[in-house]
Amino acid sequence: MQICELENYLMNPANCAEIDGILYLNYITRDNRHIFVAADINNLSKEELTAEDGVSGLVYSAATSDKAFSLKHTNNGISIVDCYSLQSKDCSCFISFENGQTAYGISAYGENIYILLKGLDGVFIKQYDSNGKEISQWDISFAEYLLEETQISSFQIMNDHFYLCNFSGESAVFDFEGQILEGLVDSTITKTPSNSFEQYSFYNETNSQVFIFDTANSTLRKAYFDIPTNHVIRYVYSDYRNPSRALISIKQIESGDEKVFVGIIE
């Protein structure tokens, strides 16, 4: 089922954010413009919110209950987080970083925004409320190895833990003190446009193992997931209303044939 068309499309958004059945995303056009759109899943329509030049590379999205945020980078190296308010329908600069500081990722958990920063004095996660007031900051130099040679493909706050994955496929889940969850090293978080789940699921493409991380008690358990022999997982998308329900793609190892189906991770 097609939701909408993206005109003059060239490159996928880095990710999507969702609020009440509407996806907020940024995509790149053939003439190198970045278009910020709201795609309505229920009404199968879209609205173009902003369009701009001078943005370099991928744009990342996150959302609270009434605001959609976009992390972008200008051609002269400034990291900017924009905020689109569903109430006022205005888009404005939430915060920007320069002078040696680069924002690598953005995530939302509850009504707060978290920004992953790397600067001359280390790597940090900064927490803000949805109005831009800084709440907390954590030094996460223990995770700097994931940012050394590549961009971050996924950054997700999970209560008192966070997940980082770079474009080389290296990933880990840490608490804010630097303790790593060994069972999730180089695992992939299931894709979802929502945040603030009580449970997050992860999978390993090489051995097709699936795990569930419970944020309430910081426990990790192996999940039951029926995958045919000689198949591996390609990707998993979680239902934004129910993270245990997922769209799963598997591939037959020898032939490369792909099957896509809806399954339950439990």
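The sections below set out a description of the structure shown in this document. Bear in mind the structure is a predicted one, so any value in this text is a computation, not a measurement. (Residues numbered from 1 in each chain as written. Predicted model: local features only at pLDDT ≥ 70, side-chain atom pairs only at ≥ 80, totals over all residues. Heavy atoms only, no water.)

It is worth spelling out unusual backbone geometry at this point. The backbone phi angle of Asn8 is positive, close to 55°, even though this residue is not glycine. Residue Asn159 is not a glycine yet carries a positive backbone phi of 60°. Position of Asn159 relative to the elements: it lies in the loop between strand 14 (152-158) and strand 15 (161-166). On the basis of relative accessibility, which here comes to 36%, the residue Asn159 falls in the partly exposed class. (Helix = DSSP H or I, 4+ residues; strand = E, 2+ residues; numbered from the N terminus. Buried < 20%, exposed > 50% of the residue type's maximum accessible area, 1.4 Å probe, protein only.)

Right, let's get into the packing of aromatic side chains. For the structure on display, the rule yields 13 aromatic pairs. A centroid spacing of 6.1 Å and a plane angle of 75° characterise the contact between Phe94 and Tyr128, whose relative ring orientation is edge-to-face. One end of the pair, Phe94, is in strand 9 (residues 91-97); the other, Tyr128, is in strand 12 (residues 122-129), with 34 residues separating them in the sequence. Neither residue differs from the other here; Phe94 and Tyr128 are each classed as buried. Taken together through their ring pairs, the aromatic side chains of Tyr114, Trp138, Phe142, Phe162, Phe174 and Phe176 make up a single cluster. (Phe/Tyr/Trp six-rings, centres within 6.5 Å; stacked < 30°, edge-to-face > 60°.)

Attention now goes to the sheet that holds strand 20 (residues 219-222). Judged by pairing direction, the sheet is antiparallel, and its four strands sit side by side in the order 17-18-19-20 without closing on themselves. Both edges of this open sheet fall to strand 17 (188-189) and strand 20, since each of them pairs with a single strand only. With four bridges joining them, strand 19 (residues 210-214) and strand 20 adopt antiparallel strand pairing. Each bridged residue has a counterpart across the sheet, and for Phe211 the counterpart in strand 20 is Lys222. (Pairing = 2+ DSSP bridges.)

Turning our eyes to something else, we now look at the pattern of salt bridges. The full count for this structure, using the stated rule, is five salt bridges. With a closest N to O distance of 2.6 Å, Asp82 and Lys72 form a salt bridge. Residue Asp82 is found in strand 8 (residues 79-85), and its partner Lys72 is found in strand 7 (residues 67-73); the two are separated by 10 residues along the sequence. Of the residues examined, Asp82 reaches a relative accessible area of 13% and is grouped as buried. Each of Glu52, Lys72 and Asp82 takes part in a single network of salt bridges with overlapping partners. (Salt bridge = Lys/Arg side-chain N within 4 Å of Asp/Glu carboxyl O.)

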